[in-house]
Amino acid sequence: MNYLDFVTIDVETTGLNINENELIEVGIVKYKQGKLVDEFSKVIKPATRISDYVVNMTGITNQMAFDAQPFDEIADEIVSFIGDSLILGHNVPFDMGMLNSALIKTGKPALINETIDTLELIALLMPTLRSYKLSHLAKMFDISEENIHRAKDDALMTSNLYLKLVDMMRELSPEVANFLYYYVSLISWKLVDVLEGIFGDKLTKEEYPWILLFSKKVDEIHHQKEIPQTENKYKNIDLGDIFSLFKKDGIISQKLKTFEVRTAQIEMIEEAWQTLEDSKHTVIEAGTGIGKTFAYTIPAMYYALKHDDKVVISTKTKNLQEQIIDKDIPFIKKTLGIEFKSEMIKGRNNYVCMNKLAYLFTRIIDDKQYEDMKAILAIMMWLFESDYGDFTEIHNSLVTKFNNLLSSDSYSCLQGKCPFKTICFINRIKKRAKDAQLIVVNHALLFSDIFYSANIIPEYKHLVIDEAHTIEDIATGCFSRGINRKRLHEVAVKIVEQKILASHVLEESTLKVKFAELQIKGRELLNTNIDLFKHVETIFKHKEKENVFYKKSKKKLSVDQLSDEDQHILEKLLSEISEVVSELEHMLTEQSDYLKKNTDKIQFAFYKKLLLEIVYIKNDLEYLKIHKKNYVRWLEKAEYRNAKIFDLKAVPIEVGSSLQKYIFEDKDSVLLTSATLSVKSNFNYFLSRIGYLESNIKVQTHILSSPFDLEKNILMCVPQDSPQYADDKKYLESLAKYLERIIITTEGKALILFTSHKHMNEVYYLLKDALSNYKIPLLIQGKNMSDRNLITAFKQNIDSVLMGTDSFWEGIDVPGEALSHVIIVKLPFEVPTDPIVMARMESVASSGKSSFFEYVVPNAVVKFRQGFGRLIRNKEDRGSVIVLDKRVLSQGYGKRFLDSVIANKKFPKTIKELAELLVTWD
Ligand code: SF4
């Protein structure tokens, strides 16, 4: 086959169902030696009407189709035009599927020509592209794109794309070409012929040691050019130099149109600089609009340059992490003309583990999984060039297919014993981070790195923590220990199915006996696991009948809440599992020396990984089996896409002392900042939760107010006739009616924050139809759309209403008219039956304090302020916050909520008064 002789086919159809829909146009172009030699293009008359959608997309009208011939009259012409040519297409299975289906319906045989799919080729050669749409690719490759979605023109575009891809393949290094050739041959992909056509005799049929292809990139890191040591020109830099950048006519103002001098930002710069210079600890509550990211990043950068040191910046969200590294730092470097090294390190599960890749690659080859082979080759092609192996670099289809199987995790990482440690991405990132002056991480990584000594972040003494109000919860999560059915099941299956070692190793007779014994133990683990989680499931079934759960999506039951009998059964089953796991550990350890000598490195690494998994499970079981001091244990049931997931978990009740010991005492300076840290201008709650109040470390606190005129721009209303809360249908119906009246008055443009998924869902169904009469779209979190798409839809539909809970109290940033009103349905008190909340309340009470006033209320106030803060995101924003929880007015603690926010506060007696206020307020 000559890879430059081909026909390219494209079809337009009445829909995407190969069996049900019909052809409405076929376009075929013929190429010889890479040159266009002939064309075929015909509109086809379908038996059914063409939908408006398809007419709009293709431009093929029902009249054009009516005037055309039916398929059976042109079928022979098509078949003869194609002949026995190689057929190309962009998603060729669809085009060929439609064509063959039409041929079969007319009593003709299906075409069995060889095919090449340009969609597969592009995914292989350019796995980092965001879109594989033909129109997008045409633009990118500068291919003429007339009449998109007309068959012949699309076929021409596809042909030109193929020729461009052939040119790209000509540029492949001989090593990569040989690598592809060997593995592509295994799965009989037609790409073999293209590679042979291009590279001819240069190809070898030998298996290519792919690991060598990573060495080039790794060598680049090891031989990175050192920045020559010159005299440090920043050694005399001081605060005055930094201030001058932020002056009215300073360099930042010249380069950033939206820049304006903000006193609070200057104050924050000073505090950040002094925190670093004086090696102290500072907490800054920085109101919206201060520009706090610049206010700590620039001092941090100059400090690192001046002292030839390192500063680590930690954020809660990946969004903020990416904003700092992709936008803020490049802007600072360019504007100030400074060279410095910065690195972003994400949680390790964002990166590919080469050990897992090697395992998966071997499995796919052994199991002859052809489709997976194409995808894994695309992953390899990406990784040969990638510096980070970060999943966000590649096309979404590859991420969803593989990230669970390939992502690195500390639990299975073999560290120094890993056969791939020299090409490991985590190790490469560590190496780069070692040379960096600013390192941007997220809280989860920061804590797990410290608590579990993962040592991904290099040694540092200065730390800035943004979004600091979240650190207690994230640190708690990092300390979480637990097991679930899937985890135990997977380990047991590996043992039972003996996927640990290759068969030739198992042939050795004594080993055969040992592994047969292991199999028996593996089965025991499988069975005990089933018994344990069956019992957990039964407990939940009973409790669900008692209706004790606040949340529908994630239900938690503290072990202490269970009956004595249930506790006894649970502990017995956990002890049994623990015993089996200990025996497995012992049996596997016994074979270790023999296997080390008699297996190759990769095999042995798999075996060690399994042993490690067993050890981790054994350790986690210790936290669940018996009540550990300062730990709370619970059972959890979550439902995800109709699957029920059961977990047993244990977390520490307080993390303040650990944060102090492992982080704050260890660092010379720590700057903690967020827009919401204080309660009525007092930081005691925050400081006590993270251990500062009890520690000897001196910490300074500052409140820097938002530069926006909040009193002028926010109307806060607490109507006095809003429905009285009750967990019943009547309340929800009244609430829906009340919300309907507000939303009609505001003409949408509102974010409604709930504290309960159950209530949110029920109100959604009660409100949906009523609002649709007013053409106000109602969007809800967790139904049919990802959070990101939901927020985009909310931004784009100015009059829409968005209902959310949990993360939406703090995870939404929608400047402008679309979010002109925030409606807080209920004060965000934590769920009182949540095992962690219960344990923390008990802990506060045991120290002689009021758990309600010292823990529950301040926690809710911080969350309330987060929700409140969704309204004003920039200088132009203005609108209302409506609180439908009358406890703000009727209860003594309500004042703490009211006093914690700045706004023009009104307390209308009736909804009518509220509506008038909303309409007349200016
Ligand atoms: S060192 Fe750990 S993360 Fe790196 S490749 Fe090996 S197992 Fe994976």
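Quick caveat: nothing in here was measured; it's all calculated off a predicted structure. (Residues numbered from 1 in each chain as written. Predicted model: local features only at pLDDT ≥ 70, side-chain atom pairs only at ≥ 80, totals over all residues. Heavy atoms only, no water.)

Some points on the pattern of salt bridges
Link 1 in the chain: Inspection of the entire model under this criterion finds 49 salt bridges.
Link 2 in the chain: Across the salt bridge formed by Glu114 and Lys190, the nearest N and O atoms sit 3.1 Å from each other. Here Lys190 lies in the loop between α8 (174-186) and α9 (191-199) and Glu114 lies in the loop between α4 (92-105) and β6 (115-117), a separation of 76 residues in the sequence.
Link 3 in the chain: On the basis of relative accessibility, which here comes to 17%, the residue Lys190 falls in the buried class.
Link 4 in the chain: Close ionic contact of Glu636 with Lys649 constitutes a salt bridge, the shortest N to O distance being 3.4 Å. Residue Glu636 is located in strand β14 (residues 631-640), and its partner Lys649 is located in strand β15 (residues 643-652); the two are separated by 13 residues in the primary sequence.
Link 5 in the chain: The exposure class assigned to Glu636 is buried, which follows from its relative accessible area of 3%.
Link 6 in the chain: Through salt bridges with shared partners, one network takes in Glu472, Asp473, Glu654, Arg689 and Arg840. (Salt bridge = Lys/Arg side-chain N within 4 Å of Asp/Glu carboxyl O. Helix = DSSP H or I, 4+ residues; strand = E, 2+ residues; numbered from the N terminus. Buried < 20%, exposed > 50% of the residue type's maximum accessible area, 1.4 Å probe, protein only.)

Regarding the sheet that holds strand β2 (residues 23-32)
Link 1 in the chain: The 6 strands lie next to each other as β4-β3-β2-β1-β5-β6, forming an open sheet whose pairing is mixed. Either end of the sheet is taken by a strand with one partner, and the two such strands are β4 (69-70) and β6.
Link 2 in the chain: Taken together, the 3 bridges between strand β5 (residues 87-89) and β6 define a ladder with parallel strand orientation. Note on β6: the bridge partner recorded for Ile87 is Thr115.
Link 3 in the chain: Against the sheet, α4 touches β1 (6-13), β2, β5 and β6, its axis set at about 75° to β1.
Link 4 in the chain: Helix α5 (residues 118-125) contacts β5 and β6 of the sheet and is inclined by roughly 50° relative to β6. (Pairing = 2+ DSSP bridges. Contact = heavy atoms within 4.5 Å. Axes fitted to C-alpha atoms, helices over the stretch in contact; angles between N-to-C directions.)

Examining the packing of helix α16 (residues 354-366) against helix α18 (residues 396-406)
Link 1 in the chain: Put simply, α16 and α18 touch, their axes get as near as 9 Å, and they point 115° apart. Within the contact between the two elements, α16 uses Lys356, Leu357, Leu360 and Ile364 and α18 uses Phe402, Leu405 and Leu406.
Link 2 in the chain: Residue classes in the contact of α16 with α18 are distributed as 6 nonpolar, no polar and 1 charged. (Nonpolar A, V, L, I, M, F, W, Y, C, P; charged D, E, K, R; others polar.)

Observations regarding the side chain of Asn859
Link 1 in the chain: Examined against the element boundaries, Asn859 turns out to sit in helix α34 (residues 851-868).
Link 2 in the chain: Setting aside anything within four residues of it in sequence, one finds Asn859 in contact with Tyr685 and Glu830.

Some details on the nonpolar core
Link 1 in the chain: With 82 residues, the main nonpolar core has Tyr162, Phe179, Trp210 and Met354 as its most contacted residues.
Link 2 in the chain: No other element matches helix α17 (residues 370-385), which puts 11 residues into this core.
Link 3 in the chain: Here this core gathers at least three residues from each of two domains, domain 1 (6-171) and domain 3 (348-435).
Link 4 in the chain: Setting aside anything within four residues of it in sequence, one finds Trp210 in contact with Phe179, Tyr183, Met354, Ala358, Phe361, Met380, Phe384 and Phe420. (Core = buried A, V, L, I, M, F, W, Y, C linked by side-chain atoms within 4.5 Å. Domains from an automatic or database assignment.)

A word on the sheet that holds strand β18 (residues 714-717)
Sheet strands pair via backbone hydrogen bonds, and the direction of the pair is either parallel or antiparallel.
Link 1 in the chain: Read from one edge to the other, the open sheet built from 7 strands follows the order β20-β21-β19-β22-β23-β18-β24, with strand pairing classed as parallel. The open sheet has two edge strands with one neighbour each: β20 (778-780) and β24 (904-906). On average, each strand axis in the sheet is tilted by 15° relative to the strand beside it, whichever way the strands run.
Link 2 in the chain: By the bridge criterion, 3 bridges tie β20 to strand β21 (residues 801-804) in an arrangement that is parallel. Note on β21: the bridge partner recorded for Leu779 is Leu802.
Link 3 in the chain: Packing of helix α31 (residues 757-772) onto the sheet brings it into contact with β20 and β21, and relative to β20 it is tilted by some 160°.
Link 4 in the chain: Contacts from helix α37 (residues 911-920) reach β18, β22 (821-824), β23 (879-883) and β24, with the element oriented near 180° to β18.

A few points about the pairing of β18
Link 1 in the chain: Because side chains alternate across β18, one face comprises the buried residues Ile714 and Met716, and the other comprises Leu715 and Cys717, equally buried.
Link 2 in the chain: The sheet contact formed by β18 and β23 spans 4 bridges and is parallel. In the strand pairing of β23, Leu715 is matched with Ser880.
Link 3 in the chain: As paired elements, β18 and β24 share 3 bridges and run parallel to each other. Counted as the bridge partner of Met716 is Lys905 from β24.

Some words on the domain arrangement of the protein chain
Link 1 in the chain: According to the domain assignment, the protein chain contains domain 1 (6-171), domain 2 (262-341 + 662-704), domain 3 (348-435), domain 4 (481-652) and domain 5 (710-920).
Link 2 in the chain: One C-alpha centre belongs to domain 2, the other to domain 5, and the line joining them spans 30 Å.
Link 3 in the chain: Taken together, the contacts link 12 residues of domain 2 with 16 residues of domain 5.
Link 4 in the chain: For domain 2, the biggest contributors to the area lost against domain 5 are Thr676, Lys680 and Tyr685; these three give 47% of the whole.
Link 5 in the chain: Taken together, the links from domain 2 to domain 5 amount to 3 salt bridges.
Link 6 in the chain: With a shortest N-O distance of 3.8 Å, Asp899 and Lys680 are connected by a salt bridge.
Link 7 in the chain: Put simply, domain 2 and domain 5 have 5 residue pairs in polar contact (both at pLDDT 80 or more) between them.
Link 8 in the chain: For the side of domain 2 that touches domain 5, the class distribution of residues is 4 nonpolar, 4 polar and 4 charged. (Buried area = accessible area lost by both parts, 1.4 Å probe. Polar contact = N/O pair within 3.5 Å; in protein donor to acceptor, adjacent residues only side chain to side chain.)

A word on the environment of Ser185
Link 1 in the chain: Tracing the sequence through the fold places Ser185 in helix α8.
Link 2 in the chain: As for Ser185 and Lys205, which are separated by 20 residues in sequence, their C-alpha atoms are 8.9 Å apart.
Link 3 in the chain: Excluding anything up to four places from it in sequence, Ser185 contacts Leu180 and Val192.
Link 4 in the chain: Of the polar contacts made by the side chain of Ser185, one reaches the backbone oxygen of Tyr181; its length is 2.4 Å.

Some thoughts on helix α13 (residues 263-277)
Link 1 in the chain: For α13, built from 15 residues, the straight-helix expectation of 21 Å at 1.5 Å per residue is met to within 8% by its first-to-last C-alpha distance of 21 Å.
Link 2 in the chain: Buried residues of α13: Ala264, Gln265, Met268, Ile269, Glu271, Ala272, Trp273, Thr275 and Leu276, and no others.
Link 3 in the chain: Among the residues trailing α13, Ser279 stands out with phi positive, at a value near 50°. (Expected span 1.5 Å × (residues − 1).)

Brief notes about the confidence of the model for the protein chain
Link 1 in the chain: Taken residue by residue, the protein chain gives an average pLDDT of 89. The fraction at 70 or more is 96%.
Link 2 in the chain: Within the protein chain, helix α23 (residues 503-506) has the poorest average pLDDT of any element, 55, and strand β11 (residues 462-465) the best, 98. (pLDDT = per-residue confidence, 0-100.)

Here we look at the side chain of Gln321
Link 1 in the chain: As for its placement among the helices and strands, Gln321 is situated in helix α15 (residues 318-336).
Link 2 in the chain: Leaving out residues up to four positions away in the same chain, Gln321 has contacts with Thr315, Met344, Ile345, Lys346, Val440, Val441 and Asn442.

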